[in-house]
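As a plain string of letters, each chain reads:
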Amino acid sequence: MKIDQATIDGVVTHIVDLCRIPSPTGFTAKAVQYLQAELEKMGYEPIRTRKGSVLVCLGGTGRGLAFAAHVDTLGAMVRTLKPNGRLRLTKLGGYPENAIEGENCIVFTRDGREFTGTIQCTQATPHVYHEPGKLERNDANMEVVLDEKVRSKEDLERLGVRPGDFIAFDPRTVVTPSGFIKSRHLDDKAGSGILLALARWVKCSGVTLNRKVYLIFTVYEEVGHGGAAGIPEDVEEMISVDMGAIGDDLQTDEYKVSICVKDSRGPYDYDVTTGLVRIAAAAELNYATDIYPHYGSDVEAALAAGYDIRHGLVGPGVYASHGYERTHREALENTLGLLAQYITEKR
């Protein structure tokens, strides 16, 4: 199914908007508010689950299908106020510390204040330290340097900074004339933007859905339990719309929709993945089937929680996952085209 470029423009707009909203795992309220507001403007009636996910029904009847994306991102929290006025951090989600070295950040205090800073290793200059590049990058050797005149733990306390405050990384979102989207947190704000555009397309196109279709936007995926609750009872099938991993011997690239057939937790449902491949091939989409060796998803969290569902995973190819990521409009178009065909094809 051909997706018009105005709809893809809408995907990019949603991605940019979401990337600019800080939402590390556990601190997602503003991103959730954005989702709810956008869906309500389209004429839907989204609800917020007790856990904080956003759930909306796009319409249709019969056996339920849910597409799941997540708006929580990698981030950090303040672990310790250091005697020198710096902050030791603890990670939210899985990423190597070198992926955030030199990154600007914002610290959000529990009383609503915000302080900018930079994440550095404790030996930040080669003019002072011998071979600082050899220092192991870990939580003991990384610190947040606030853009405030603080020289002690007491100075930090006077600002109101405490252990447990959230830290969000600067997304540095850029859209190039050649169609690339570069940003932190395309995992999974690219998938979330695609689902918002799918909702608008369903509402505006007047298509007939081949089943009852839900969208679920979760808020704890990066720590492994986003999809473990809040799935409607009539859902028989759930497909995560998350990033497609790129690298090593994988076939996915930044222009394709990736259909994952196996990740670190095992294979995805045979009939679901086979159906996705068949539809992608018949629609002449640019797609790949791949195995992600170090990956987990919301639908697997749902299975682990005991939900009796068939499961699948698709998404646009994203380069440099869990770092400064990049994808292309073509990958967004191919992913949205696959989802649109999947919920409208007569079977």
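In short, a report on the structure.

Thresholds applied
- Residues numbered from 1 in each chain as written.
- Predicted model: local features only at pLDDT ≥ 70, side-chain atom pairs only at ≥ 80, totals over all residues.
- Heavy atoms only, no water.
- Pairing = 2+ DSSP bridges.
- Helix = DSSP H or I, 4+ residues; strand = E, 2+ residues; numbered from the N terminus.
- Contact = heavy atoms within 4.5 Å.
- Axes fitted to C-alpha atoms, helices over the stretch in contact; angles between N-to-C directions.
- 1 Å grid on protein atoms, 1.4 Å probe; cavity = no way out; pocket = protein on both sides within 12 Å on 5 of 7 lines; lining within 4 Å.
- Points joined across faces, edges and corners; volume = space filled by probe spheres on them.
- Nonpolar A, V, L, I, M, F, W, Y, C, P; charged D, E, K, R; others polar.
- Buried < 20%, exposed > 50% of the residue type's maximum accessible area, 1.4 Å probe, protein only.
- Salt bridge = Lys/Arg side-chain N within 4 Å of Asp/Glu carboxyl O.
- Parallel < 35°, antiparallel > 145°, perpendicular 65-115°, else oblique.
- Left-handed = near helix turned anticlockwise from the far one by under 90°.
- Expected span 1.5 Å × (residues − 1).
- Phe/Tyr/Trp six-rings, centres within 6.5 Å; stacked < 30°, edge-to-face > 60°.

What follows deals with the sheet that holds strand β10 (residues 174-175). Read from one edge of the open sheet, three strands run β10-β11-β19, paired in antiparallel fashion. The sheet is open, and its two borders are formed by β10 and β19 (325-328), each paired with just one other strand. Strand direction decides the pairing type here: strand β11 (residues 180-183) and β19, joined by four bridges, are antiparallel. Across the sheet, the residue bridging to K182 is R326, located in β19. Together, β11 and β19 form the strand contacts of helix α4 (residues 186-205), whose direction differs from that of β19 by roughly 30°. Sitting on the sheet, helix α7 (residues 329-344) is in contact with β11 and β19, with an inclination near 65° to β19.

Attention now goes to the layout of surface pockets. For the largest pocket, the calculated volume is near 510 Å³. Considering the residues around the largest pocket, the lining is formed by 24 residues, among which M243, H294, Y295, S321 and H322 are closest to the centre. Residue composition of the lining of the largest pocket, by class: 10 nonpolar, eight polar and six charged. For the second largest pocket, the calculated volume is near 160 Å³. Along its surface, the second largest pocket is lined by 17 residues, and P22, I106, F169, D170 and P171 are the ones closest to its centre. Among the elements of the structure, β6 (104-108) and β9 (166-169) are those that each provide at least two residues to the lining of the second largest pocket.

Of all the nine residues making up strand β18 (residues 310-318), eight are buried; the element is thus mostly covered by neighbouring parts of the structure. Sheet topology places strand β13 (residues 235-241) next to β18; five bridges connect them, and they run parallel. By the bridge assignment for β18, S240 is matched with L313. For strand β15 (residues 257-263) and β18, the ladder comprises three bridges, and the chain directions are antiparallel.

Where side chains of opposite charge bring their charged atoms close, a pairing between them can arise. Within this structure, the stated rule accounts for 21 salt bridges. Here E143 makes a salt bridge to K82, at a shortest N to O gap of 2.7 Å. Placement of E143 in strand β8 (residues 142-146) and of K82 in the loop between β4 (75-81) and β5 (87-92) is noted, with a sequence separation of 61 residues between them. A single burial state applies to E143 and to K82, both of which are buried. Among the salt bridges present, the one from E103 reaches R172, with a minimum N-O distance of 3.0 Å. Taken together, the residues E103 in the loop between β5 and β6 and R172 in the loop between β9 and β10 connect sequence positions 69 residues apart. The class for E103 is buried, based on a relative accessible area of 4%. On the accessibility criterion, R172 (36% relative accessible area) is partly exposed.

Time to look at the packing of α4 against α7. At a minimum axis separation of 10 Å, α4 and α7 run at an interaxial angle of 45°. With respect to each other, α4 and α7 are oriented oblique. Along this stretch, α4 crosses α7, giving a crossing that reads as right-handed. Contact residues: α4 offers A190, I194, L195, A197, L198, W201 and V202, while α7 offers L332, T335, L336, L339, A340, I343 and T344. Residue composition of the contact of α4 with α7, grouped by class: 12 nonpolar, two polar and no charged.

Here α7 contains 16 residues, and its C-alpha end-to-end distance of 22 Å stays within 8% of the 22 Å for a straight helix at 1.5 Å per residue. Of all 16 residues in α7, 14 are buried; the element is thus mostly enclosed.

What follows concerns empty space enclosed by the protein. Here the structure, examined in full by the defined rule, presents one cavity of 30 Å³ or more. Taken together, L74, F169, R184, H185, D187, H322, G323 and E325 form the lining of the largest cavity. Residue composition of the lining of the largest cavity, by class: two nonpolar, three polar and three charged.

To continue, consider the packing of aromatic side chains. The description of an aromatic ring pair rests on the distance of the ring centres and on the angle between the ring planes. Counted by the stated rule, this structure contains five aromatic pairs. With a centroid separation of 4.8 Å and an interplanar angle of 40°, the aromatic rings of F27 and F108 are classed as tilted. Here the residue F27 occupies a position in the loop between α1 (5-19) and α2 (29-41), and F108 occupies one in strand β6, the gap between them amounting to 81 residues. Judged by its relative accessible area of 27%, F27 falls in the partly exposed class. On the accessibility criterion, F108 (7% relative accessible area) is buried.

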